[in-house]
Amino acid sequence: MQQRVQLAKALALKPALLLLDEPTTGLDVSVQALVLDTLKHLQRERKMTIVLVSHDLGVIRTLADRVMVMRHGRVVEQGLTDQILEDPQDAYTQQLVHAKL
Amino acid sequence: MPLLQVESLTKRFYIDHLQREIEVFASLTFTLESGQFILIGGPNGVGKSSLLRCLYRTYIPTSGRALFTSTQGEIDLAHAADVDIALLRREELGFVTQFLRPRPRVSALELVAEPLVDGGMMWDEAIEQAKGMLSSFGLKHELWSAYPTTFSGGEQQKVNLARALIAPRRLLLLDEPTASLDANTRQSLQTRLAELKMQGVAMIGVFHHPEDIHHLIDDEIRLTVPQKDIEHVVD
């Protein structure tokens, strides 16, 4: 609930840039779908720029145009989302992508 | 100037945990004009789909160039910045597969209208066009507002094709879009592709049953193993 209130607060100000730290972690699936759908709409309709931190490759695939993969505080790889997921260049990214169920 | 000029395009994968490199295709060279349809042929596993993915930049080509004459000028798809490729995908490049990736709680109509909205159209107008596209692919009216996550494979396919072919594109990459389609849907797809070709859309396609679209084919590139040379079959 707190997470949703926070999100609503952030969106009420109609920001041009939205920073999201694991926005769907710990939400039940139905609320998660609602949050993702809301974000997708905002991105389209308000042309809002979103920077999102997530461990969930499904969320990343749904929301992100581009992805940066970080390890030990460094960016090891960046690219278009489908390229990162389907043709990862870095050894760490390859491990990460192949670990997905 | 051709719409697309592919020069010595090569793709290899390096798989870290195997510590080895896998060659997919090498030194492909061909050109494509507006309104032209090139069929990519050859047995399974010679890299037909990989070639399409390299042109769409889902895969990063290992070497070579793919010069695309965009509305903004010439751009090398193999080396262009990610943001430029993202923009081209919204406006000029299309990729058609046989799989829909539905999102939870997003209706069929919305999914189909999205590419138009991304291109700058208002929702109302985009939804109107989406209705036309869904009916031309024969999706039952009562399913338009339903969520495709619950659809059968065949129904998802109709939504997928409508979504992939609704927005204007200058180059379409077709990755076996007719696989697992019923006869009526296959017919609608042929009609739509012929219409797009007439409008000057260029296409590169991989088809398991090329007889479905043989009247559209201008040229065929056969990939062979090892891919030293390519052979032009039709001209």
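Residues numbered from 1 in each chain as written. Chains lettered and ligands numbered in written order. Predicted model: local features only at pLDDT ≥ 70, side-chain atom pairs only at ≥ 80, totals over all residues.

This part covers the sheet that holds strand β1 (residues 4–15) of chain B. All names here are of chain B. Read from one edge of the open sheet, four strands run β2-β1-β4-β5, paired in antiparallel fashion. Looking at strand neighbours, the two that pair on one side only are β2 (20–32) and β5 (73–76), the edges of this open sheet. Averaged over all adjacent pairs, the angle separating strand axes in this sheet is 25 degrees, with direction ignored. In the sheet, β1 pairs with β2 via nine bridges, with the strands oriented antiparallel. Counterpart to L4 in the pairing with β2 is L32. (Pairing = 2+ DSSP bridges. Helix = DSSP H or I, 4+ residues; strand = E, 2+ residues; numbered from the N terminus. Axes fitted to C-alpha atoms, helices over the stretch in contact; angles between N-to-C directions.)

Residue and element names in this part refer to chain B. The buried fraction of strand β7 (residues 171–175) is high, at five of five residues. Burial of β7 is two-sided: the residues L171, L173 and D175 facing one way and the residues L172 and L174 facing the other way are all buried. Sheet analysis places β7 next to strand β8 (residues 202–206), joined by five bridges and oriented parallel. Among the inter-strand pairings, L171 is bridged to a residue of β8, identified as A202. (Buried ≥ 20, exposed ≤ 12 C-beta atoms within 10 Å, placed from the backbone.)

A word on the nonpolar core. Residue and element names in this part refer to chain B. Counting residues in hydrophobic clusters, the biggest one holds 66 residues, and the most contacted among them are V112, L134, A162 and L173. Considering every element that reaches this core, the biggest residue donor is helix α3 (residues 108–118), with six residues. Discounting chain neighbours no more than four positions away, the residues touching L173 are L52, L55, Y56, G94, F95, V96 and I204. (Core = buried A, V, L, I, M, F, W, Y, C linked by C-beta atoms within 7 Å. Contact = placed C-beta atoms within 7 Å.)

In this section: the domain arrangement of chain B. Residues and elements named next belong to chain B. As far as domains go, chain B holds domain 1 (4–92 + 169–232) and domain 2 (98–161). Between the C-alpha centres of domain 1 and domain 2 the distance comes to 25 Å. Counting from both sides, the interface comprises 13 residues of domain 1 and, opposite them, 11 residues of domain 2. Broken down by secondary-structure element, the contributors of at least two residues to the side of domain 1 that touches domain 2 are α2 (82–91) and α6 (183–198). Per element, the largest residue contribution to the side of domain 1 that touches domain 2 is five residues, and it comes from α6. Classifying every residue of the side of domain 1 that touches domain 2 by side-chain character gives four nonpolar, four polar and five charged. (Domains from an automatic or database assignment. Nonpolar A, V, L, I, M, F, W, Y, C, P; charged D, E, K, R; others polar.)

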